[in-house]
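Coordinate inspection notes
These are the residues of each chain, in order.
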Amino acid sequence: MAFRSYVLNLTGAAQRLSDAYGVSAAFPAGTPNPSLDITYRSLYLQGLKANANDVFVGMDNTVSSTNHGFRIDPGDTAQPITLEPSSPGSPLHLSDFWVIGTADEDLCIAGVPL
């Protein structure tokens, strides 16, 4: 389990990054499955090359173009955003982050598990 990668298809509404693991009746969108929501040493986020619009990243489901921690630029010239814990005792989970972007655009997610 040295490297993981996912693609989250954006819906135009706030989504938890952990929705990239897949959703089900038991774990609908926005509800992480604890058995899949593993701990990461580092995460990398990048919009798909074909995206035309920004993706906004925040801490909860109120994320928007005016309420976010940072944004991910569209297109193929934008570098991936790298997220790493501030200290070894501060692990990262996909469920820690929420995004909003244009419906039918994609967010590429890569991570190195602990």
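I will try to describe carefully the structure that is included in this document. (Residues numbered from 1 in each chain as written. Predicted model: local features only at pLDDT ≥ 70, side-chain atom pairs only at ≥ 80, totals over all residues. Heavy atoms only, no water.)

Remarks on the pattern of salt bridges
Rule in force here: What makes a salt bridge here is a side-chain nitrogen of Lys or Arg within 4 Å of a carboxyl oxygen of Asp or Glu, nothing more. Only runs of H or I of at least four residues qualify as helices and only runs of E of at least two qualify as strands under DSSP, and these elements are numbered from the N terminus. Buried, partly exposed and exposed residues are distinguished by accessible area as a fraction of the type maximum, computed with a 1.4 Å probe on protein chains only: under 20%, between the cut-offs, and over 50%, respectively.
One pass over the structure, following the stated rule, counts 2 salt bridges. For Arg 71, the salt bridge identified is with Asp 54, shortest N-O distance 3.6 Å. Placement of the pair is Arg 71 in strand E5 (residues 70-72) and Asp 54 in the loop between strand E3 (40-47) and strand E4 (55-58), with a sequence separation of 17 residues. With relative accessibility at 41%, the residue Arg 71 sits in the partly exposed group. Residue Asp 54 is classed as partly exposed on the basis of its relative accessible area, which comes to 23%. Of the charged contacts in the structure, one is a salt bridge between Arg 71 and Asp 73, with a shortest N-O distance of 2.1 Å. Accessibility expressed as a relative area gives 36% for Asp 73, which makes it partly exposed. Salt bridges linked by common partners bring Asp 54, Arg 71 and Asp 73 together as one network.

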